[in-house]
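Fold and contact review
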Amino acid sequence: MRVPYNWLREYVPVELDPQELADKMSMAGIAVEELDDPGALYRELRVGEVCSLQPHPRAEKLLVCRVKLSDGEITVVTAARNLKAGDKVPVALSGMRLPDGTVIEEVDFQGIVSQGMLCSEEELGLSRKAEGIMVLPPETALTDDLATRLGLDSPVLILELTPNRADCYGMLGVAREVAALTGCRLNPPELTVVEETNRKIEDFIDVELHDPELCPRYTGRVFFDLQVGESPLWLKTRLLAAGMRPVNNVVDLTNYVMWELNQPLHAFDLDRLAGKKILVRRAGKGEHLVTLDGVERILTPEDLVIADAEKAQGIAGIMGGEASEVSPQTRTVFLESAYFSPVNTRRTAQNLVLHSEAALRFGKGLDPEGTPAALNRMAHLLTKIDAGCTAAGLIDLYPRPVPARKVRLRTERVNSLLGLDLEAGYMAEILQRLNFGISKEEERVLQVEIPSYRLDIENEADLAEEIARLHGYDKIPPTYPAAKRPGALTPRQLWEKQVRDLMQGYGFSEVVTYSFHGEKTFDRLNLPTDDPLRHAVRLKIPLSEVGSLMRTTLLGSILEVLSYNSKRKIDNLCLFELARVYFPAGDEESLPQEDLHLAGGMMGLINEKGWNQTARQADFYDGKGVLEALLTELKVKDWGFERGEHPTLHPGRTAFLTVQGKRAGVIGEIHPEVKEAFDLNFPVILFELDIEEIWVAVEREIIQVNPLPKFPPVLRDIALVLPAGIPVAEVMRLVQATGGRILEKVELFDVYSGGAIPKDRRSLAFSLIFRLPERTLQDDEVNEVLEKIITRLAEEYDAEVRR
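Nothing here was measured: the structure is a model prediction, and the numbers come from that model.

Observations concerning the overall build of the chain
Assigned secondary structure in the chain consists of 20 helices and 41 strands. Here the C-alpha atoms of the chain give a radius of gyration of 37 Å, more than 25% beyond the 28 Å that 2.2 N^0.38 yields for 803 residues. Taking the principal axes of the C-alpha coordinates as reference, the chain spans close to 120 × 90 × 55 Å. The burial tally for the chain puts 49% of its 803 residues in the buried class.

Right under this line is the structure:
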């Protein structure tokens, strides 16, 4: 919510500095995220005075204009025909930047150099279309700051509102808060004085409310003899400061009133409504409507529409229809101000993936008593700018008025909740500053009447929060909550923490990403259409298409983070995420299966260039080494790696992790097509582990410590030539199994191919350590076992000892 400071001061004459006010509001629960300067876009622009206008000697449609600035004169070539000598105009000199980002340069127009540009309202962002150059008031001085002259010199407070404070989505709601915080007098805008004509509203329109459940209150006014055109400058700049772009005077006034009173309005071109009727009804099944954004929407009976005698003309509380849009030719409008069901409005907006300022406000809940006031304010402003006439009367369909709400407040209970000792009179004074009605029920018990616009106040605890906010959170003494016994992490939670600590110790940074994505993520991961990972949990009401599925793999999330950083020239990264993935249950009624996974990615240099080392990119073995260290440190039993293929990973550079005979993860280099799809500059080593499978294989017994060996080892090295396709892990397992009890350790120390080695074979050299804990081994014993190992290798893998 954008709150222009000077606009706010019209309702509450606060004398605080904008930053002081922002701090005070933030401490009271109305957080001010930042202070914005809307005039920053106009600071470079200058004010100039037209000295002379002459036809261009070689271009009949152009004029050569001499413009006087505060520090000299320049020549500007223009095609505008609305200027005369003496006009004050906005000027952008060469090198300056317009509000839309365009940088002005000197341009040669057939022999005459234009040293800048004279700006129209369109180029300044004040209008969607302008016919000529903007002419400033005659009293404008050449030294004036253009932002100040346009009324854009006031800071804007950008509020980060919590969902319960829907009342602060309007300037008046914020002003009420500021008045209560500062003690300043509140000056609300004029909401009752309406200059009506003799023509009655019943002569223009007939309104029927068919569904009071979805629309408890529907009000409207008719305005005729409209002159639809450009808005006055004060209105345009107010909307710009609030973050809205001016359209025309009628639409701009509806937006202005919405921002001021937090009550969305919608204008229908009355001459384009069939039967001069308005029907507030549910949509028919499959009913179509083209909304103002030009998109055709297919509706359901769950959606509320505003219709004429023939068809829907708008989606209630969300967006109007294209067919009844206000245009420059519009002369009569019906203006709607209503209170729609917040739940139904949110559901419809989410189902249609259609979001607007109106939907935001209606979806959070508005003041049902505020609808007539917004219409009267619109009528007052329309008369003020002399843009039309107001028909006599106001349509107000309110079949079941919302009763006033009262809450019983026990002061002792409030003090108990807050840990304070406040007097009942002081509590009453705070609540009265917030416009709550107070009556005394008995000693230290109050009856509090809740304002209709404070839909967030429901019970005694809510009132206690209001008292705490205005009393000051900083004045509440800190206390520790009472606890009968201290909490502790479960063994599983401690183990997960160990996983995180180890990954961070290996140089990885933890990331936290969203749990949902879209269908396109599967395509970018190169997953086939029949891949089980594509069978994902689909959200019934997604916020958008890119967040319509719950993720079944973390690889897409890791790659998104790497891609984001890579586009910002951050290419040397090691990241991991420990999070859940989601798989559908057997039926729609059951909750999805949520498994914990660990995923990571290594990109760029693993070693940066230095005097004692060369730069080296991360490769498959770096990632595999990290997983080996992790699994060893976690004391996982019976694990290993086997060759495999994964659609996201490079063929031939991929391995699956097996734990107790089951696949529990995958590691490999990114597939070139996936690398291109995520717009990455370097190859990435990716891995993803199923933590659930690994957890069940973790050693949970008491750690046993073996004493240092008393007897010396017998060392043997052996080099074997065998087929190149045989995995090293298989060879090592066979050697260990054949060596039996006396073979303590097997290590690979060399791999060689080429030279005298046949093309389809390679040489593997192993170091073997033999030892017994109870005595010294003899060479004959070791040689006998070594011969058995060589024989087994020859039988199983056609291995030969390399001489």
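Re the environment of E195
Tracing the chain through its elements places E195 in the loop between α4 (171–182) and β11 (196–200). A residue is classified by how much of its surface remains accessible, and E195, at 56% relative accessible area, is exposed. C-alpha of E195 to C-alpha of A379: the two residues are 184 residues apart in sequence and 7.6 Å apart in space.

Focus on the packing of aromatic side chains
Within the structure shown, the criterion is met by 10 aromatic pairs. Centre to centre, the rings of Y514 and F516 are 5.6 Å apart; their planes meet at 15 degrees, and the pair counts as stacked. Residue classification places F516 among the partly exposed residues on the basis of a relative accessible area of 34%. Aromatic ring contacts, followed pair by pair, group W7, W234 and Y256 into a single cluster. Over the ring of Y453 we find R176, and its NZ or CZ is 3.8 Å from the ring centre.

Quick look at the sheet that holds strand β3 (residues 46–56)
Strand order in the open sheet formed by five strands is β5-β4-β3-β6-β9, and the pairing between neighbours is antiparallel. If you trace the sheet from one side to the other, it starts and ends with β5 (72–78) and β9 (116–118), each paired once. Neighbour-to-neighbour, the strand axes of this sheet turn through a mean angle of 45 degrees, independent of strand direction. In the sheet, strand β6 (residues 88–93) pairs with β9 via three bridges, with the strands oriented antiparallel. Note on β9: the bridge partner recorded for V91 is L118.

Some remarks on the sheet that holds strand β24 (residues 405–410)
Pairing within the open sheet is antiparallel, and its three strands lie in the order β24-β26-β25. Unpaired on one side and paired on the other, β24 and β25 (437–442) mark the two borders of the sheet. For this sheet, the mean angle separating the axes of adjacent strands, direction not counted, is 25 degrees. Here β25 pairs with strand β26 (residues 445–450) via five bridges, running antiparallel.

Observations concerning the packing of helix α2 (residues 18–27) against α4
For the pair α2 and α4, interaxial distance at closest approach is 11 Å and the crossing angle is 90 degrees. Taken together, the axis directions place α2 and α4 in an arrangement best described as roughly perpendicular. Contacts from L21, K24 and M25 of α2 reach α4 at V174, V178, L181 and T182. When its residues are assigned to classes, the contact of α2 with α4 shows five nonpolar, one polar and one charged.

Topic: the side chain of N262
Take N262: it is sitting in the loop between α6 (249–261) and β14 (266–269). Of note is the side chain of N262, whose polar atom sits 2.8 Å from the backbone oxygen of A166. Not counting residues up to four positions away in its chain, the partners in contact with N262 are A166, D167, Y169, G170, V257, R361 and L366.

With respect to the nonpolar core
A general trend in soluble globular proteins is that nonpolar side chains are found buried together. Grouped together as the largest cluster of nonpolar side chains are 74 residues, with contacts concentrated most on L8, M25, L157, L159, L463 and I467. Among the elements that take part in this core, α4 stands out by supplying eight residues, more than any other. Excluding residues that lie within four positions of it along the chain, L159 makes contacts with M1, V3, M25, I30, A31, V32, C168 and V174. The next biggest cluster of nonpolar side chains, apart from the first, holds 33 residues, and it includes M503, L634, F687 and W695.

Topic: unusual backbone geometry
Of note in the backbone geometry, N262 takes a positive phi value of approximately 60 degrees without being a glycine. Even without being glycine, Q660 reaches a positive phi, approximately 55 degrees. Tracing the backbone shows Q660 in the loop between β35 (649–659) and β36 (662–670). Residue Q660 is classed as partly exposed on the basis of its relative accessible area of 38%.

Reading the values: rules and limits
Residues numbered from 1 in each chain as written. Predicted model: local features only at pLDDT ≥ 70, side-chain atom pairs only at ≥ 80, totals over all residues. Heavy atoms only, no water. Helix = DSSP H or I, 4+ residues; strand = E, 2+ residues; numbered from the N terminus. Rg over C-alpha atoms; globule rule 2.2 N^0.38 Å. Buried < 20%, exposed > 50% of the residue type's maximum accessible area, 1.4 Å probe, protein only. Phe/Tyr/Trp six-rings, centres within 6.5 Å; stacked < 30°, edge-to-face > 60°. Lys NZ or Arg CZ within 6 Å of the ring centre and 35° of its normal. Pairing = 2+ DSSP bridges. Axes fitted to C-alpha atoms, helices over the stretch in contact; angles between N-to-C directions. Parallel < 35°, antiparallel > 145°, perpendicular 65-115°, else oblique. Contact = heavy atoms within 4.5 Å. Nonpolar A, V, L, I, M, F, W, Y, C, P; charged D, E, K, R; others polar. Polar contact = N/O pair within 3.5 Å; in protein donor to acceptor, adjacent residues only side chain to side chain. Core = buried A, V, L, I, M, F, W, Y, C linked by side-chain atoms within 4.5 Å.

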